[in-house]
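Letter by letter, the chains look like this.
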Amino acid sequence: MTRHVPALVVGGGISGLVCAYALRKARIDAQLVESSPRPGGVINSVTRDGFLLELGPQSFSGTSQLRQLYEDLGISNQVVQAPPRAPRNVLIDGKLRPVPLSLPAFFMSSLINGSTKWALVRDILGKSTPPDGDESVASFVCRKFSAQLLDRLVGPFVSGIYAGDPEHLSIRSAFPQLYEAEKAAGSIVRGMLRLAKSRKGPRERPTLHSFREGNEKLVRALANKLGSALLAETSVTRVSTRNDGSFEVGLESPAGDQSVYTRSLILATPTDVTARLLSSLDSSFETLLSPIEYAAVAVVSLGYRKKDMGHSLHGFGFLVPRSAGLRVLGSVWNSSLFPGRAPEGQALVTCFVGGTTDKAAATREPQKLVSLVHSEVSPLLSIQSEPAFSNVTIWQRALPQYNLGHADRLARIDQLRAKFPGLWLAGNYLQGPAIGACVDQALAVAEEVRERRP
Ligand SMILES: Cc1cc2nc3c(=O)[nH]c(=O)nc-3n(C[C@H](O)[C@H](O)[C@H](O)COP(=O)(O)OP(=O)(O)OC[C@H]3O[C@@H](n4cnc5c(N)ncnc54)[C@H](O)[C@@H]3O)c2cc1C
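Here we summarise the structure given alongside this text. All figures in this text were calculated on a predicted structure; none of them were measured in a lab.

Moving on, we come to the site of the ligand. Every one of the 32 residues lining the ligand counts as a neighbour, but Ser15, Glu34, Ser59, Pro433 and Ile435 are closest to it. The backbone of Ile14 places a nitrogen or oxygen atom 3.1 Å from an oxygen atom of the ligand. Protein burial of the ligand: of its 1,000 Å² of free accessible surface, 87% is covered by the chains. Where the shell around the ligand is concerned, the elements lending two or more residues are α1 (14-25), β12 (235-241) and β20 (389-400).

What follows is the structure, encoded as structure tokens:
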């Protein structure tokens, strides 16, 4: 017999977990199915040889909804904040140099040439209009500022968030606030200041955070609240519509196969899975979702004895412009940011290799990746020994790319979805890949589901 489920959420990454939790909080008897034995998706914290490793995301950027979620889950007291004034570095001319993080610091910085500073003055005093069509991040930065800014600061920043290529990423989709700032105020700086002023609540210096036990604390807290409403090791294998407009969903688990039906189906799965599951409803879902590109990323964690390191590791880590010719995209100094990340006397450094500008890197053998990263990082951090510890995680589909045409693609997906009332999509390809953005999007979906119910 086909069992009825009032709302079914598919995919137990942060997007699905938050959506299912919010639905249940709204007294909707939602169930969450996750194909792997462990919920959390790419959020994965592991303790090995005394190191607390983050195999996926390294930290969170605070949003008000995230803070509220921590309160609800009773885990606010477990949050650990990175030192807000710790410098972020960028590799320029073979040296790690602090990134200017404020307007005065930008004008004082020797990383930026005079013509780029002058372009910023023109932005503040002048007026510009974004072109009609979609514009790449590279073209936006060169039109408004300079190729030097793109190479030294924006490109590395883009690597840090998307592991992407500024020539392909869309400014409108990947950095909507910058696009909107220019559109609304004719100036990036004036537009961003206007946006900051319009924000409600106390002004806080944004900083990164995690949890004492690692990022997975959030996942575990959500999973605990869901209890038996979370079915792990359960994959959705097919979706079809029934005559009454509800959805019939095939589930596969070690206990056997079963079918459920639901009036509210929320797919919080990556685009390849979503495309496959929805192609039976309309093949256009596959046509629109499948081409969304994902960057492959290798996460290489290295442990060193502090006495073998000449560098203080004071700061967040560093980013690398592509023009520097290294294959490491960036490095996070975990043990400088949060307590309990490395055993006494040791340091943990996590580096990223791959992305859409170096597709071959993430296909390498783990041991070769360790050697490659160590050989590039050790001169920068004056390291005199081999790593005492290493761990490599390769994500073939790490981060969705908000490339040119992404906004139009999402609009067409949404039009198609509207033909199937009761169907929703959640996930990191929709409103930003950051965990905070996924949480905000998942909560918005839960609210729509709640509003639609009789
Ligand atoms: C290496 C890396 C570093 C990152 N760094 C940061 C960072 O520092 N800060 C930050 O904010 N963000 C970072 N991110 C991005 C952020 O972590 C992700 O965008 C976010 O966690 C994605 O969550 P999700 O729930 O949308 O997707 P996922 O985590 O991909 O979850 C999707 C889930 O669906 C499940 N699933 C798939 N198919 C099925 C099926 N048929 N049936 C049932 N379940 C299925 C999967 O098993 C998975 O659990 C990083 C990501 C990566 C990979």
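The subject of this paragraph is the nonpolar core. Membership of the largest hydrophobic core comes to 40 residues, with the highest contact counts inside it found for Ile14, Leu23, Leu69, Leu218, Leu222 and Ile266. Residue assignment for this core shows that the elements contributing at least two residues are β2 (7-10), α1, β3 (30-33), α2 (64-73), α10 (216-226) and α16 (435-452). Those residues within four positions of Ile14 in sequence are excluded, and the remaining contacts are Gly40, Ile43, Leu218, Leu222, Ile435, Cys438 and Val439. In terms of nonpolar packing, the next biggest core, distinct from the first, is built from 29 residues, Val5, Phe247, Ala275 and Tyr429 among them.

Before going further, it helps to spend a moment on the environment of Ala296. As for its position among the elements, Ala296 is in strand β16 (residues 294-305). Separated by 131 residues in sequence, Ala296 and Gly427 place their C-alpha atoms 17 Å apart. If near-sequence neighbours (up to four positions away) are discounted, Ala296 is found in contact with Val353, Gly354, Gly355, Ala362, Trp395 and Gln396.

Applying the stated criterion across every chain, the model contains 20 salt bridges. Among the salt bridges present, the one from Lys307 reaches Asp308, with a minimum N-O distance of 4.0 Å. Judged by relative accessible area, Lys307 falls into the exposed class, the value being 68%. Overall, Asp308 belongs to the buried group, its relative accessible area being 11%. Each of Arg38, Glu213, Glu216, Lys217 and Arg220 takes part in salt bridges that share partners, so that together they form one network.

How each quantity is defined
- Residues numbered from 1 in each chain as written.
- Predicted model: local features only at pLDDT ≥ 70, side-chain atom pairs only at ≥ 80, totals over all residues.
- Heavy atoms only, no water.
- Near = heavy atom within 4 Å.
- Polar contact = N/O pair within 3.5 Å; in protein donor to acceptor, adjacent residues only side chain to side chain.
- Areas by Shrake-Rupley, 256 points an atom, 1.4 Å probe, with all protein chains shown as cover.
- Helix = DSSP H or I, 4+ residues; strand = E, 2+ residues; numbered from the N terminus.
- Core = buried A, V, L, I, M, F, W, Y, C linked by side-chain atoms within 4.5 Å.
- Buried < 20%, exposed > 50% of the residue type's maximum accessible area, 1.4 Å probe, protein only.
- Contact = heavy atoms within 4.5 Å.
- Salt bridge = Lys/Arg side-chain N within 4 Å of Asp/Glu carboxyl O.

Shape is all these values report; function is a separate question.
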